[in-house]
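This is what each chain is made of:
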Amino acid sequence: MKRTKLLVSCGISNTCHYCLKTWPSCQQVARSPMSTLGKETGGPASENKRGLKAIDLVQRERESKGKPNSRKTPKLKETLSAVSPLQRRVTQLKQFTQQLQSVHPNVLAKVLHKSIVFQNQDVIVINKPYGVPVHDTTGATTSIQSVLPVLAKMLHGMRTETRLHICHSLDKDITGTLLLAQTEEAADHIHTLFKALQVERKYWAVAVGVPVPSEGIVDIPVIEREVTGAQPHFKMGLSPLFQTSADGEGVTRVRANRHAHSAVTQYRVLDSTNSCSLVELQPVTAVKHQLRVHMAFAMGCVVLGDHKYAHWNKLAPQQLPEGVLRHLGLEQSKARHLPLHLHHHKLTIPGFKGHRDLTVSCRLPRFFTSSVQRLQLSLPEKP
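Looking at an unreviewed UniProt entry, one finds the protein chain named Pseudouridylate synthase RPUSD4, mitochondrial and attributed to Clupea harengus. Looking at the Sequence similarities (unreviewed entry) heading of the UniProt record, one finds this comment for the protein chain: "Belongs to the pseudouridine synthase RluA family." Looking at the Subcellular location (unreviewed entry) heading of the UniProt record, one finds this comment for the protein chain: "Mitochondrion".

As structure tokens, this is what we get:
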């Protein structure tokens, strides 16, 4: 009887029992089915005749409050399931390659700390992530060099005086083995080994095409040249010491360019399909972009995702064969999202201070292994 009296009084009075507003401005009536029923049956009091209970009002109030929550941003898995396979593939590539592009230095230091694959009192070996520059450069928000003090504190405590030293460099888009020294003595010794070409480095690359022969040495100097045109820029290019003779039946030696750098690369095809190959590259010298230039312009097999050296006279995304695009799940218009598939796989340093030779290898990044599987290439078995 009390409930009936309450509802009847709400229907007769000029104000709502809940919000104390007049019925035309009452939000409870405006957003609940009561307003519709009232129009059809003559007011809220008529709902009571149909058996409306207090619990029904509570349930409707909960439902009205729950409606805005349904407009929340869908989760990533729900988003990926609702888009096309092409869009899903592009989203995956962006996740692989852009997760560390602009992060706080402390976040990058934590990632590097988790990426340590070897450590002793002299050196640290890190599996360098994709897209992070090693040294401070113009326009770079965060580099590995800039977070070394934070990494040192993570390793040795907040009051440590240890300084970490970068022993060599890797391009921003190259992943894999990066060597750090924990003392100045170790850094000086390792720098001497690199200058004397006594450090053995091996890279793995996915190439578009198959080098012929399947194993060999490329010995062609490399020089930086300016490319003119609609997009003026600088690139490393070949500066060969020989050229085809005028009659086309032999070669003649040409004068060496004094600005060219001697560049020697050993290579070996690990596996291949009709249109792609997995190649092991071992640089004998250390010249800027040496491996990428030798692959693109000497062997005619551009590294997958190398948009800089895919063309000589312009800056444009790499043109890929239809079969490669099909295996990668991409269209040519989305090829620009492919990252550089060049990984510093293994590093061997001659021993010093009575230690044995140090050989360290780093696992491949996820996008690299994913492309290898999609292209039906086989990775070498671990020894």
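There is more to say, and it comes next.
Draft legend 1. Up close: the environment of Thr252. Mapped onto the elements, Thr252 comes out in strand E10 (residues 251-253). Spatially, the C-alpha atom of Thr252 lies 5.5 Å from that of Phe242, the residues being 10 residues apart in sequence. Once residues lying within four places of it in the same chain are set aside, the contact partners of Thr252 are Leu241, Phe242, Gln243 and Ser245.

Draft legend 2. Representation of the side chain of His233. Mapped onto the fold, His233 is located in strand E8 (residues 233-238). Those residues in contact with His233, other than ones at most four positions away along the chain, are Arg225, Glu226, Val227, Trp312, Asn313, Lys314 and Leu315.

Draft legend 3. Molecular detail of unusual backbone geometry. Geometrically, the link from Val212 to Pro213 is a cis peptide bond, its omega value of 0° lying close to zero. Mapped onto the elements of the fold, Pro213 is located in the loop between strand E5 (200-208) and strand E6 (215-219). Non-glycine residue Leu197 carries a positive phi angle of around 60°. Along the chain, the position of Leu197 falls in the loop between helix H10 (184-195) and E5. Even without glycine at this site, Gln376 takes up a positive phi of about 60°. Here Gln376 lies in the segment after helix H13 (366-374).

Reading guide: rules and limits
- Per-chain numbering applies: the sequence of each chain, read as written, is numbered from 1 onward.
- Note on the predicted model: pLDDT of at least 70 is required for a residue's local features to be given, and 80 or more for side-chain atom pairs to be given and counted; whole-chain, interface and lining totals, by contrast, use all residues.
- Each side-chain value is worked out from all heavy atoms of the structure, with water and hydrogens disregarded.
- UniProt positions are given in the numbering used here, feature names are shortened, and annotations may be inferred rather than shown by experiment.
- Helix and strand labels come from DSSP, where a helix needs a run of H or I of at least four residues and a strand needs a run of E of at least two; each type is numbered from the N terminus.
- Throughout, a contact is declared for two residues whenever any of their heavy atoms are within 4.5 Å.

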